[in-house]
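A structural walkthrough
Residue strings, one per chain:
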Amino acid sequence: MATCLKHPFVTLAEYFAREGNATERLEYLNGEVRAMGGAQPEHNAIGANLIGELRSALRGSGCRPMTSDQRVKVNAGSPYLYPDVSVACAPEYTTINGLRTLVNPVLIIEVTSPSTEQRDRGTKFLQYQTIASLSHYVLVDSTEVGLLHYAMTDGQWQPTLYESIDDQLQLPDLGLTLALREVYLDVWPPAT
């Protein structure tokens, strides 16, 4: 969950100064600084499952999954965001104030919650689209089984919705399959 800090327009220099001294992750959104707060257990479980599945599937491929602590540079609006999961093949970075910032993700995954879903589907997705290397954007619902995959196809973002626990997201260009059963493993307590 992100909260906007009460402050007038913040320059990039001010943002970098704040982030360098912060005890939490800060995103920069069009002159506003947003503190990235903690997440619910379901969100954390899904994120851990995704990292585990991606790490296993991508081992030896030259592609690397990264957690929500990896800052990503976009080229419009908020220039620096922290997606829940990102994947880069032959990762490239730019160093800003000593922090290496990823510039070439091919896959970004956001785990949505009621407080973040609108921004993840809207503003953030538009900003992520400015990354030339990005070919997949995935939204994973943390409140029920549901995954929305946007794939760049012939210069257009094409959405596909997966709503069954038995569905599998196929990303052949990355050589991986994500089974929703694994993405949601142990997220909710079993029904009694």
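Structure: above.
Residues numbered from 1 in each chain as written. Predicted model: local features only at pLDDT ≥ 70, side-chain atom pairs only at ≥ 80, totals over all residues. Heavy atoms only, no water.

This paragraph deals with a positive patch on the surface. Side chains of R55, R59, R64 and R100 sit close together on the surface and give a patch of like positive charge. R64 gets classed as partly exposed once you look at its relative accessible area, which sits at 43%. (Patch = residues over 30% accessible without salt bridge, like charges linked within 9 Å, V, L, I, M, F, W, Y side chains within 5 Å. Areas by Shrake-Rupley, 256 points an atom, 1.4 Å probe, with all protein chains shown as cover. Salt bridge = Lys/Arg side-chain N within 4 Å of Asp/Glu carboxyl O. Lys, Arg positive; Asp, Glu negative; His and termini not counted. Charge placed at Lys NZ, Arg CZ, Asp CG, Glu CD. Buried < 20%, exposed > 50% of the residue type's maximum accessible area, 1.4 Å probe, protein only.)

Structurally, Q70 can be placed in the loop between β4 (63–66) and β5 (72–73). The contact partners of Q70, leaving out residues within four places of it in the chain, are L81, Y82, P83, S86, Y93, R100, T101 and L102. (Helix = DSSP H or I, 4+ residues; strand = E, 2+ residues; numbered from the N terminus. Contact = heavy atoms within 4.5 Å.)

We now examine the nonpolar core. Counting residues in each nonpolar core, the largest one holds 24 residues, and the members touching the most others are I46, L50, L54, L107, I109 and V140. Of all elements in the fold, only α2 (41–58), β7 (85–89), β10 (105–112), β11 (136–141), β14 (168–171), β15 (176–179) and α5 (180–183) reach the threshold of two or more residues within this core. Sequence-distant contacts of V140, that is, excluding residues within four places in its chain, are made with I46, L50, I109, E110, V111, T112, G146, L147, V183 and Y184. In this structure, V72, A88, L148 and Y150 belong to the second largest nonpolar core, which totals 16 residues. (Core = buried A, V, L, I, M, F, W, Y, C linked by side-chain atoms within 4.5 Å.)

Between its first and last C-alpha, α2 extends 25 Å over 18 residues, near the 26 Å set by a 1.5 Å rise per residue. For α2, the set of buried residues is H43, I46, G47, N49, L50, L54 and L58. Viewed along the axis of α2, the buried residues span an arc of 165°, placing them on a single side of the element. Looking at the buried positions of α2, the neighbouring elements they touch are β4, β7, β10, β11, β15 and α5. Where α2 terminates, the next one or two residues include G60, which has phi positive at roughly 80°. (Expected span 1.5 Å × (residues − 1). Arc of directions from axis to C-beta.)

A few words on the packing of aromatic side chains. Counted by the stated rule, this structure contains six aromatic pairs. Look at Y128 and Y137: their rings are 5.5 Å apart centre to centre, the planes differ by 50°, and that puts the pair in the tilted class. One residue, R71, lies across the ring of Y80, its end atom 5.0 Å from the ring centre. If you follow R100 out to its NZ or CZ, it ends over the ring of Y93, 4.3 Å from the centre. (Phe/Tyr/Trp six-rings, centres within 6.5 Å; stacked < 30°, edge-to-face > 60°. Lys NZ or Arg CZ within 6 Å of the ring centre and 35° of its normal.)

What the six strands build is an open sheet, ordered β4-β7-β10-β11-β12-β13; its pairing is mixed. Strands with a single pairing partner mark the edges of an open sheet, and in this sheet they are β4 and β13 (156–162). With direction set aside, neighbouring strand axes in the sheet form an average angle of 15°. Alignment of β11 against strand β12 (residues 147–153), held across five bridges, turns out to be antiparallel. Opposite H136, over in β12, you have A151 as the bridge partner. Along the sheet, α2 makes contact with β4, β7, β10 and β11, crossing β10 at roughly 155°. (Pairing = 2+ DSSP bridges. Axes fitted to C-alpha atoms, helices over the stretch in contact; angles between N-to-C directions.)

On to the state of the cysteines, then. Across all of its chains, the model carries one disulfide by this definition. Here C63 engages in a disulfide with C89; their sulfurs sit 1.9 Å apart. Measuring handedness by torsion sign, the sulfur bridge of C63 and C89 sits at about 95° and is right-handed. Placement of C63 in strand β4 and of C89 in strand β7 is noted, with a sequence separation of 26 residues between them. Accessibility expressed as a relative area gives 24% for C89, which makes it partly exposed. (Disulfide = S-S within 2.5 Å.)

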